[in-house]
Amino acid sequence: MSSSFNSSSNVGAGFDNSSPYPRLCKCKAKMIIQISKQPQSYARRFFSCPKSWEGVGGCGFFLWYDPPEDHNATNEIQSSEILQCELVELKKAMENVSSQIMKLNVSVEVYQKAIAPELKLLKYVVFLMFLVVVIFVSKAM
């Protein structure tokens, strides 16, 4: 399902004369290329408003990106754009994981401090039990 535009009539709407695809969305932000993860359109590329995906409102602009497949240079550029999008997603995921690890480390430290007195007491109890066993065995001989 490919969309096409008359580029001469869309110049003022973020389009240029060399491409049927927009450069800017309705709120004048630079368009980003996303990759669909929906089963019915998995790995298909689309343009979207960057603000919509950052959770700060945006205009909600969406347009499927179906480029021609016959130009090697164009395909390499598009592949690079896809890799850049994937890299951004991976960086965000890595930041999220790092944040979760830091939270877990803080939790571990809190629990270690909370059980430290009980652990110390447990060591004394075990030591005292050992002494009792040694005394009992020595008297039994």
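What you see is a predicted model, and the numbers here were worked out from it, not measured in a lab.

K.L.:
Help me understand the overall build of the chain in this model?
P.N.:
Along its length, the chain carries two helices and five strands. The secondary structure elements of the chain, listed N-terminal to C-terminal, are β-β-β-β-α-β-α. Restricting the contact set of the chain to residue pairs at least 6 apart, pairs at least 24 apart contribute 31%. Total accessible area on the chain is roughly 11000 Å²; 64% of this is exposed by carbon and sulfur atoms.

K.L.:
Whenever I open this one, the pattern of salt bridges confuses me. Can you help?
P.N.:
Pairs can form between side chains of opposite charge once their charged atoms are near each other. For the structure shown, the criterion picks out one salt bridge. A salt bridge links K37 to E89; the nearest nitrogen and oxygen atoms lie 2.7 Å apart. Separated by 52 residues along the polypeptide, K37 in the loop between β3 (32-35) and β4 (45-48) and E89 in helix α2 (residues 72-140) bring together distant segments of the chain. On the basis of relative accessible area, K37 is assigned to the exposed category, the value being 52%. Given a relative accessible area of 29%, E89 falls into the partly exposed group.

K.L.:
So what exactly am I meant to see when it comes to the sheet that holds β4 here?
P.N.:
Strands belonging to one sheet form pairs held by backbone hydrogen bonds; the direction of such a pair is parallel or antiparallel. Judged by pairing direction, the sheet is antiparallel, and its three strands sit side by side in the order β3-β4-β5 without closing on themselves. The strands lining the two open edges of the sheet, one partner per strand, are β3 and β5 (62-64). With direction set aside, neighbouring strand axes in the sheet form an average angle of 35 degrees. In this sheet, β5 lies alongside β4 in antiparallel orientation, the contact comprising three bridges. Counterpart to F47 in the pairing with β5 is L63.

K.L.:
I keep staring at a nonpolar patch on the surface and nothing clicks. Help me out?
P.N.:
A cluster of nonpolar side chains, namely F127, L128, F130, L131, V134 and I135, defines an oily patch on the protein surface of about 560 Å² accessible area. Relative to the assigned elements, F130 resides in helix α2. Residue class for F130 comes out exposed when judged on its relative accessible area of 52%.

K.L.:
Would you explain unusual backbone geometry in this entry?
P.N.:
In terms of backbone geometry, most residues other than glycine have negative phi values and most peptide bonds are trans. Phi is positive for K28, close to 70 degrees, though the residue is something other than glycine. Not every positive phi belongs to a glycine, and A43 is a case in point at roughly 70 degrees. In this structure, A43 sits in the loop between β3 and β4.

K.L.:
Looking at this model, I keep getting lost on the pairing of β4. Mind explaining?
P.N.:
Burial along β4 is two-sided: R45 and F47 facing one way and F46 and S48 facing the other are all buried. One ladder, built from four bridges, connects β3 with β4; its direction is antiparallel. Within β4, the position partnered with I33 by the bridge is F47.

K.L.:
Is there a simple way to think about the state of the cysteines in this case?
P.N.:
By definition, a disulfide links the sulfur atoms of two cysteines through a covalent bond. By the definition in use, this model includes zero disulfides. Between C49, a cysteine without a disulfide, and C27, which holds the nearest cysteine sulfur, the sulfur-to-sulfur distance is 3.5 Å.

K.L.:
What is the right way to look at the environment of S48 in this model?
P.N.:
Along the polypeptide, S48 turns up in strand β4. Given the relative accessible area of 1%, S48 is considered buried. The spacing of S48 and Y65 is 17 residues in sequence and 9.9 Å in space, taken between C-alpha atoms.

Each value, and the rule that gives it
- Residues numbered from 1 in each chain as written.
- Predicted model: local features only at pLDDT ≥ 70, side-chain atom pairs only at ≥ 80, totals over all residues.
- Heavy atoms only, no water.
- Helix = DSSP H or I, 4+ residues; strand = E, 2+ residues; numbered from the N terminus.
- Contact = heavy atoms within 4.5 Å.
- Areas by Shrake-Rupley, 256 points an atom, 1.4 Å probe, with all protein chains shown as cover.
- Salt bridge = Lys/Arg side-chain N within 4 Å of Asp/Glu carboxyl O.
- Buried < 20%, exposed > 50% of the residue type's maximum accessible area, 1.4 Å probe, protein only.
- Pairing = 2+ DSSP bridges.
- Axes fitted to C-alpha atoms, helices over the stretch in contact; angles between N-to-C directions.
- Patch = residues over 30% accessible without salt bridge, like charges linked within 9 Å, V, L, I, M, F, W, Y side chains within 5 Å.
- Disulfide = S-S within 2.5 Å.

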